[in-house]
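Spelled out, the chains give:
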Amino acid sequence: MIVGIIGGTGGIGKGMALRLSQNHEVIIGSRKEEKACASCETCKELLLELGLPFNLTPTTNQGVVDLSDIVVFSIPAETLNSTINSLKNLEGKIIISLMNPMERDTYFRYTPPEEGSAAQQLQKLLPDSKVIAAFNNIPAKKWSQLSEPLDYSVCVCGDDDKSKKLVMELVNSISKLEALDAGPLAISATIEAITPLVINIARLNRMHDVGVYFR
Ligand SMILES: NC(=O)c1ccc[n+]([C@@H]2O[C@H](COP(=O)([O-])OP(=O)(O)OC[C@H]3O[C@@H](n4cnc5c(N)ncnc54)[C@H](OP(=O)(O)O)[C@@H]3O)[C@@H](O)[C@H]2O)c1
């Protein structure tokens, strides 16, 4: 399975590339190919320095769609419409949404689109793709801290059981992540809303990079 990351140059995208490319073929995407190349070089240097294996290729966001079996949308949720309009051939792909629409005033609050959640908005925009929500609640910094295991529960939801199972296998192949079946895509709003909750908890209680572990 080739996993491509749209917005693979961002905080989450880069960290995901660092972790995933150790045992999967990973494509880093960007609106600008040269930005993807620079990000890819940084990841490769770090992985080489640590003596870790990797399989990483930089390209454009369209290149990600063309080359990947699983396409991760790792962009700010508010840029979803314009990004989809700039891409073609997403039909039939498994799409992972980890986007959490939120706003900040004195605290962070969840601001879902009218479809209910970012994942549901994505599914509406791409009716012929299989959208699965996963990885929503893992802090970016933790993805990149390769000296530490990534030790969280990952809620996975979606309407296509085969795709959900595949994404759960992908989750379980990364460090110490534990995939949990959270149900249909309609549940994605509940999962996305956890992220502003944990950020507020981190800020108010002087904690860092709070994540979720169900036990
Ligand atoms: N940060 C976290 O801890 C965290 C945790 C869980 C989930 N998430 C979710 O993961 C997603 C990515 O988060 P992030 O912190 O990595 O975001 P980010 O660094 O702000 O952005 C990620 C990438 O999105 C692309 N991008 C920015 N503006 C864009 C636009 N107008 N149109 C198209 N692409 C654009 C950029 O890539 P190029 O310039 O290379 O195209 C950028 O590197 C978000 O939806 C967030 O809610 C974040």
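Here the structure is shown first, and the text comes after it.
Calculation criteria
- Residues numbered from 1 in each chain as written.
- Predicted model: local features only at pLDDT ≥ 70, side-chain atom pairs only at ≥ 80, totals over all residues.
- Heavy atoms only, no water.
- Phe/Tyr/Trp six-rings, centres within 6.5 Å; stacked < 30°, edge-to-face > 60°.
- Buried < 20%, exposed > 50% of the residue type's maximum accessible area, 1.4 Å probe, protein only.
- Helix = DSSP H or I, 4+ residues; strand = E, 2+ residues; numbered from the N terminus.
- Contact = heavy atoms within 4.5 Å.
- Salt bridge = Lys/Arg side-chain N within 4 Å of Asp/Glu carboxyl O.
- Pairing = 2+ DSSP bridges.
- Axes fitted to C-alpha atoms, helices over the stretch in contact; angles between N-to-C directions.
- Right-handed = clockwise from strand over helix to strand, strands pointing away.
- Near = heavy atom within 4 Å.
- Polar contact = N/O pair within 3.5 Å; in protein donor to acceptor, adjacent residues only side chain to side chain.
- Areas by Shrake-Rupley, 256 points an atom, 1.4 Å probe, with all protein chains shown as cover.
- Nonpolar A, V, L, I, M, F, W, Y, C, P; charged D, E, K, R; others polar.
- Core = buried A, V, L, I, M, F, W, Y, C linked by side-chain atoms within 4.5 Å.

Draft legend 1. Focus on the packing of aromatic side chains. Evaluated as defined, the whole model comprises one aromatic pair. Ring geometry for Phe135 versus Trp143: centroids 5.4 Å apart, planes at 65 degrees, classification edge-to-face. Here Phe135 matches Trp143 in class, with each residue buried.

Draft legend 2. Geometry of the side chain of Ser117. Considering the arrangement of structural elements, one finds Ser117 in the loop between β7 (108–110) and α5 (118–125). On the basis of relative accessibility, which here comes to 0%, the residue Ser117 falls in the buried class. The residues contacting Ser117, other than those within four sequence positions of it, are Tyr110, Ser188, Ala189 and Glu192.

Draft legend 3. Representation of the pattern of salt bridges within the structure. Evaluation of the coordinates by the stated rule reveals five salt bridges. A salt bridge links Lys164 to Asp181, with the shortest nitrogen-to-oxygen separation between them at 2.8 Å. In this pair, Lys164 sits in helix α7 (residues 161–172) while Asp181 sits in strand β10 (residues 178–183), placing the two residues 17 residues apart along the sequence. Judged by relative accessible area, which is 6%, Lys164 ranks as buried.

Draft legend 4. Quick peek at the sheet that holds strand β1 (residues 2–6). Across the sheet, which stays open at both edges, the eight strands sit in the order β3-β2-β1-β4-β5-β8-β9-β10 with mixed pairing between neighbours. At either margin of the open sheet sits one strand with a lone partner, and together these are β3 (56–60) and β10. In this sheet, neighbouring strand axes are inclined to one another by 25 degrees on average, regardless of whether the strands run parallel or antiparallel. Here two bridges tie strand β8 (residues 130–133) to strand β9 (residues 153–158), and the two strands are oriented antiparallel to one another. Within β9, the position partnered with Ile132 by the bridge is Gly158. Contacting β4 (70–73), β5 (94–97) and β8, α5 crosses the sheet at an angle of about 175 degrees to β8. Sheet contacts for α7: β1, β4, β5, β8, β9 and β10; angle to β10, the most-contacted strand, approximately 155 degrees.

Draft legend 5. Summary view of the pairing of β1. By the criterion of burial, β1 is predominantly enclosed, with five of the five residues buried. Across four bridges, β1 lies against strand β2 (residues 25–30) in parallel orientation. Residue pairing in the sheet places Ile2 in a bridge with Glu25 of β2. Assessed by its sense of winding, the connection that carries the chain from β1 through helix α1 (residues 11–20) to β2 is right-handed. Bridging between β1 and β4 involves four bridges; their strand directions are parallel. Each residue of the ladder has a partner; that of Val3, found in β4, is Ile70.

Draft legend 6. Geometry of the site of the ligand. Lining the immediate surroundings of the ligand are 21 residues, of which Thr9, Ser30, Arg31, Lys35 and Ile75 lie closest. In this structure, Asn100 approaches the ligand through a main-chain N or O atom, which is 3.0 Å from an oxygen atom. Contact between the ligand and Ala140: an oxygen atom at 2.9 Å from a main-chain N or O atom of the residue. If the ligand stood free it would expose 890 Å²; the protein chains cover 75% of that surface. Looking at the shell around the ligand, its residues break down into nine nonpolar, 10 polar and two charged.

Draft legend 7. Broad picture of the nonpolar core. Ranked by internal contacts, the top residues of the largest apolar core, which has 36 residues, are Met16, Phe135, Trp143, Val156 and Leu177. Listed by contribution, the elements that provide at least two residues to this core are β1, α1, β2, α2 (33–49), β4, β5, β9 and α7. With five residues, α1 is the largest single contributor of residues to this core. Not counting residues within four places of it along the chain, the set of residues in contact with Val156 comprises Ile132, Ala133, Ala134, Lys164, Val167, Met168, Val171, Ala179, Leu180, Asp181, Ala182 and Gly183. One finds Phe73, Leu90, Met99 and Ile191 within the second-largest nonpolar core, a separate group that totals 25 residues.

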